[in-house]
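Per-entry structural report
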Amino acid sequence: MTRRLKQKKMISCPHMQRANGVDQFRLTAAVMVIAIHTFPFASFNGFLDQVITLSIFRVAVPFFFMVTGYYLIGPYAEKPSYPKSWKINRFLLSMLKLYLLICILYLPVSIYTGTVSFSMPLMELAKVIIFDGVLYHLWYFPAVILGVVICRFLLQKAPISLVLLGTSVLYLIGLGGDSYYYFIELFSGIKVIYQLFFQLFDYTRNGLFFSPLFLILGAKLYLKRGQQTKLLHAKMGFAFLGLALEGTLLHAYTMMRHDSLYFTLPFVSYYLFQFLLKWQPKYRFFKAKEYSLWLYILHPFSIMGVYFLAKLLPFLENSLLQFFLTVLFTLVLSVIPIEVLPRFKKKKRQKIRRAGKEIDLAALRGNYHSIKELLPEKTKLMAVVKADAYGHGAEACSRQLEREGVSFFAVAVLEEAIRLRKSGIQGEILILGYTSPEDSDQIAHYELIQSIFSREYAEALNRRKVRLRCHLKIDTGMHRLGFTPDVQEILPVYRMAYLDCEGIYSHLGSSDTLSAEGRGRTEQQITVFDELLGRLEEASINYGCTHLQSSYGVVNYPELSYDYARVGIFLYGVLSQPDKVLETKLRIRPVLSVKAVLVSQRTVQAGEYIGYGTANKTDRNRKIGTVAIGYADGIPRQLSNTGYSLRYKDFSLPQIGLICMDMLLVDLTDVPEITLGAEIEIMENCEDAAAKGATITNELLSRLGGRLENKTSC
Ligand SMILES: *Cc1c(COP(=O)(O)O)cnc(C)c1O
């Protein structure tokens, strides 16, 4: 079978990618900051420090602001939607917490240096905390917080070009209070205003004058992503040259109040960032973000350490050596918060109290990467997390998958989508099922994508006059939901004013079987889908993202390469039903296990009835155990007396009698020793249990009851 690949450029399925070059450069920037605070060239040539350290390396901190601008403010500037605001709020909160933590960490130092004292007037303290930072380098944190708040506020009021202008003006004012203060002092009228400023903050390098411009420049580049800049290298070169020159001249000929704001700095930062966006580093250090942050936070401790060490060991009296030592010490120190402390945070496995499910997120991660390997390069995985991620907990699973790189999720109903948004999921969320047109504003507010499956439904949504993003669902032969694959039926939807059709998909009815009949049906569905896409293209329709396969479709039809594959059950590490062939093809393992506690045991004489009804009569004396889980917890009553067994350590415990609502009985006769409170594994083999219960694992898992305890481990 041949797959017609998309040839025309007009079809687009956009996908946000991390900028690896930017991520990697964070480390370099952090080292530059350390250099600024250690003057590596001081022992050789003070001039070099002026040109390189105090001028060129000044690009480091603006770079960090631009990273925040690019990833945080940019998406918000593009579309100020619920998930983007959520992300900003979360960022502000975590920065505040971090700032508070390091204020405490550095409190002894800041008291020692006199920046903070107990007898300080409140105004003075506020000035230190809000603008200056409790230690010289910590100004960054209040500056990024204030800057983000200001940028968000301005973007609510004005288009980004105007905001850029406004923040540029702020920056120019800031220049006057920093490296250009020498010129301000020549005009006593203006000087008075600056004197007033300095009542409020010691430096204009702060969240009001400095950070907003760089945040907006980052956002601007986010909006321009993908566009080329002509002569970028030349522009960057000139800008750097300009910065070196400006820094040198100002240092040589003026009395600078402070030397961190330069006129050329925004230009250098802007071109450098553009360069980094294009840069694809060959080797990547995956914890660049964490290490750069902690290098930034912790390096003053190393500076102090090296300073005292140099007093003891005179051969260390070399600025370059001291610089390298400081970097090294800080790297070692950073290992504590990044590698060591998280280990302590990992909680011990909690015991199940009555009945619960244990979710192994490491297994989920592994499954995701295994399935991803099966997909063609251009096909991305859309994680199907409907029905509370098949009973696994949609929020925890989605968060984990998002961290692994998943950027598209699918749910069945609106409420599931909203829950994901409220827990902070940033990726796209497609609602596979029906949402009442009356809830249109919710779909829009939470930035969700609705499936549209008929003309009538499309019209009903369109009449609400709320702009909606949607994917069209086509019925290619399953005959459950979707448009008949008829262009005339579909074309009008693309013209509806309030519907943005960003994708098109269908669902296979028999992709889980490779019988001739099943294959025939599937091939037919694929052909119908592809032909429809072709005809839409001929009609000059940009139908956007395409997707067709679910879990079985990915494994049984690996040659298909649509934009996404909607994978559900395999992510959770089980097949729908036992299948020896597939088991060997797929490297996945179960994410969930169900456990319950043994709450009672007794010996029952021969000839007694066990549980409800009279079907189970003991043939001899038996030891019977009661396990605290039943069909109300999702253990199907149909599993009763099917040969289904539970497990305790190495022992298989045959289930006996009819499964009750809240309890079930097991035969413990052959188990030598088991104490009350023992944790019993309820479904050691999910596929097998599903088959015995005459269903598939999809149903079994998604019906696990809400009253089960949920223990999630990383
Ligand atoms: C549930 C569902 C899926 C996921 O199916 P799995 O077999 O669990 O991978 C994919 N697409 C649609 C439309 C679904 O309803």
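Worth saying up front: this structure is predicted, and the values here are computed from it rather than measured. (Residues numbered from 1 in each chain as written. Predicted model: local features only at pLDDT ≥ 70, side-chain atom pairs only at ≥ 80, totals over all residues. Heavy atoms only, no water.)

Examining the overall build of the protein chain
Across its full length, the protein chain holds 26 helices and 16 strands. Expressed as lengths along the three principal axes of its C-alpha atoms, the size of the protein chain is roughly 105 × 70 × 45 Å. A total of 714 residues make up the protein chain; the buried ones form 54% of that total. When contacts within the protein chain are restricted to residue pairs at least 6 apart in sequence, long-range pairs at least 24 apart make up 72% of them. Put simply, the protein chain shows about 33600 Å² of open surface, and 59% of that area lies on carbon and sulfur atoms. Side-chain charges of the protein chain comprise 80 positive and 61 negative groups, with the mean position of each set lying 4 Å from the other. (Helix = DSSP H or I, 4+ residues; strand = E, 2+ residues; numbered from the N terminus. Buried < 20%, exposed > 50% of the residue type's maximum accessible area, 1.4 Å probe, protein only. Contact = heavy atoms within 4.5 Å. Areas by Shrake-Rupley, 256 points an atom, 1.4 Å probe, with all protein chains shown as cover. Lys, Arg positive; Asp, Glu negative; His and termini not counted. Charge placed at Lys NZ, Arg CZ, Asp CG, Glu CD.)

Notes on a nonpolar patch on the surface
Taken together, the side chains of Tyr182, Phe183, Leu186, Phe187, Ile190 and Met255 define a hydrophobic patch exposed on the protein surface, amounting to about 610 Å² of accessible area. Overall, the relative accessible area of 48% leaves phenylalanine 187 in the partly exposed class. (Patch = residues over 30% accessible without salt bridge, like charges linked within 9 Å, V, L, I, M, F, W, Y side chains within 5 Å. Salt bridge = Lys/Arg side-chain N within 4 Å of Asp/Glu carboxyl O.)

Some details on the UniProt feature "binding site: substrate" (unreviewed entry) in the protein chain
The feature "binding site: substrate" (unreviewed entry), as annotated in UniProt, sits at Arg480 and Met661 in this numbering. Over a stretch of 182 residues, the named residues are scattered through the fold, their C-alpha atoms separated by up to 33.0 Å. The annotated residues contributing to the lining of the second largest cavity are Arg480. Along the chain, the position of arginine 480 falls in the loop between strand S6 (468–474) and helix H21 (487–494). Look at arginine 480 and you get exposed, because its relative accessible area is 56%. What arginine 480 contacts, discounting residues up to four positions off in sequence, is Lys473, Asp475 and His507. (UniProt positions renumbered as here; feature names shortened; annotations may be inferred. 1 Å grid on protein atoms, 1.4 Å probe; cavity = no way out; pocket = protein on both sides within 12 Å on 5 of 7 lines; lining within 4 Å.)

As for the environment of glutamate 538
Secondary-structure assignment places glutamate 538 in helix H22 (residues 516–538). Spatially, the C-alpha atoms of glutamate 538 and phenylalanine 57 are 54 Å apart, while their sequence positions differ by 481 residues.

Here we look at the side chain of serine 370
With respect to the helices and strands, serine 370 occurs in helix H15 (residues 361–374). When its relative accessible area of 10% is taken as the criterion, serine 370 is described as buried.

Focus: a positive patch on the surface
On the surface, a cluster of positive charge is contributed by Arg90, Lys97, Arg399 and Arg403. Broken down by secondary-structure element, the contributors of at least two residues to the positive patch are helix H4 (82–113) and helix H17 (394–404). One can find lysine 97 in helix H4.

Considering the site of the ligand
Surrounding the ligand, one finds 13 residues, the nearest of these being Lys386, Tyr390, Ser551, Arg566 and Gly568. At 2.7 Å, a side-chain N or O of lysine 386 approaches an oxygen atom of the ligand. Contact distances for the ligand include 2.5 Å between an oxygen atom and a side-chain N or O atom of tyrosine 390. Relative to its unbound accessible area of 390 Å², the ligand is 89% covered by the protein chains. Of the pockets mapped on this structure, the ligand occupies the second largest pocket. At the level of elements, helix H16 (386–391) and strand S9 (564–567) are the ones that each hand at least two residues to the shell around the ligand. (Near = heavy atom within 4 Å. Polar contact = N/O pair within 3.5 Å; in protein donor to acceptor, adjacent residues only side chain to side chain. Sits in = over half its atoms within 2 Å of the grid points.)

Things to note about the packing of aromatic side chains
Under the definition given, this model contains 43 aromatic pairs. Ring centres 6.0 Å apart and planes at 45° place the aromatic pair phenylalanine 263 and phenylalanine 267 in the tilted group. Overall, phenylalanine 267 belongs to the partly exposed group, its relative accessible area being 42%. Relative to tyrosine 291, the ring of phenylalanine 285 lies with its centre 5.6 Å away and its plane at 50°, an arrangement referred to as tilted. It is arginine 205 that lies over the ring of tyrosine 203; its NZ or CZ is 5.5 Å from the centre. Positioned above the aromatic ring of tyrosine 564, the side-chain terminus of lysine 380 is 5.5 Å from the ring centre. (Phe/Tyr/Trp six-rings, centres within 6.5 Å; stacked < 30°, edge-to-face > 60°. Lys NZ or Arg CZ within 6 Å of the ring centre and 35° of its normal.)

A short note on the UniProt feature "domain: Alanine racemase C-terminal" (unreviewed entry) in the protein chain
Feature annotation in UniProt places "domain: Alanine racemase C-terminal" (unreviewed entry) on residues 591–713, given in this structure's numbering. Taken end to end, residues 591–713 comprises 11% helix and 33% strand; its first and last C-alpha atoms sit 10 Å apart.

Regarding the state of the cysteines
Joining two cysteines, a disulfide is a covalent bond between their sulfur atoms. Scanning the entire structure with this criterion turns up 1 disulfide. The disulfide that involves cysteine 13 links it to cysteine 545, with 2.1 Å between the sulfurs. On the sign convention where negative is left-handed, the bridge of cysteine 13 and cysteine 545, at about 95° about the S-S bond, is right-handed. Taken together, the residues cysteine 13 in the segment before helix H1 (20–36) and cysteine 545 in strand S8 (residues 545–547) connect sequence positions 532 residues apart. By relative accessible area, cysteine 545 is classed as buried at 5%. This cysteine, cysteine 470, is not joined by any disulfide, and cysteine 501 carries the nearest cysteine sulfur, 3.8 Å off. Residue cysteine 470 is classed as buried on the basis of its relative accessible area of 1%. Between cysteine 686, a free cysteine, and cysteine 397, which holds the nearest cysteine sulfur, the sulfur-to-sulfur gap is 14 Å. (Disulfide = S-S within 2.5 Å.)

What to know about the side chain of arginine 622
If you trace the backbone, arginine 622 turns up in strand S11 (residues 622–627). A polar contact is formed between the side chain of arginine 622 and the side chain of aspartate 619, at a distance of 3.2 Å.

Side note on H17
Taken together, the buried positions of H17 are occupied by Ala394, Cys397, Ser398, Gln400 and Leu401. Each buried residue of H17 lies within a common arc of 160° when the element is viewed along its axis, so the set occupies one face. For H17, the secondary structure elements touched by its buried residues are H15, strand S2 (380–384), H16, strand S3 (408–411) and helix H18 (414–422). Glycine 405, located one to two residues past H17, shows a positive phi value of around 120°. (Arc of directions from axis to C-beta.)

A word on the packing of H1 against helix H13 (residues 288–312)
One way to put it is that H1 packs onto H13 with a least axis distance of 8 Å and a crossing angle of 10°. Between H1 and H13, the angle falls in the class roughly parallel. Every residue of H13 that contacts H1 at Asp23, Gln24, Arg26, Leu27, Ala30, Val33 and Ile34 is listed here: Ala288, Lys289, Tyr291, Ser292, Leu295, Tyr296 and His299. (Axes fitted to C-alpha atoms, helices over the stretch in contact; angles between N-to-C directions. Parallel < 35°, antiparallel > 145°, perpendicular 65-115°, else oblique.)

Here we look at the domain arrangement of the protein chain
By the assigned domains, the protein chain splits into domain 1 (20–284), domain 2 (355–585) and domain 3 (592–713). Between the C-alpha centres of domain 1 and domain 3 the distance comes to 63 Å. (Domains from an automatic or database assignment.)

Observations concerning the layout of surface pockets
Taken as a whole, the second largest pocket spans an internal volume of roughly 620 Å³. In terms of lining residues, the second largest pocket is bounded by 28 residues, among which Lys386, Arg480, His507, Ser550 and Asn698 are the most central. Elements with a contribution of two residues or more to the lining of the second largest pocket: H16, helix H23 (551–556) and S9. (Points joined across faces, edges and corners; volume = space filled by probe spheres on them.)

Looking at the pairing of strand S7 (residues 499–506)
In terms of burial, S7 is largely enclosed, as 6 of its 8 residues are buried. Of the strand pairs in this sheet, S6 and S7 are connected by 7 bridges, and their pairing is parallel. Residue histidine 471 lies in a different strand from S7, and its bridge partner there is glycine 503. Both S7 and S8 contribute to a ladder of 3 bridges, which runs parallel. Note on S8: the bridge partner recorded for glycine 503 is cysteine 545. (Pairing = 2+ DSSP bridges.)

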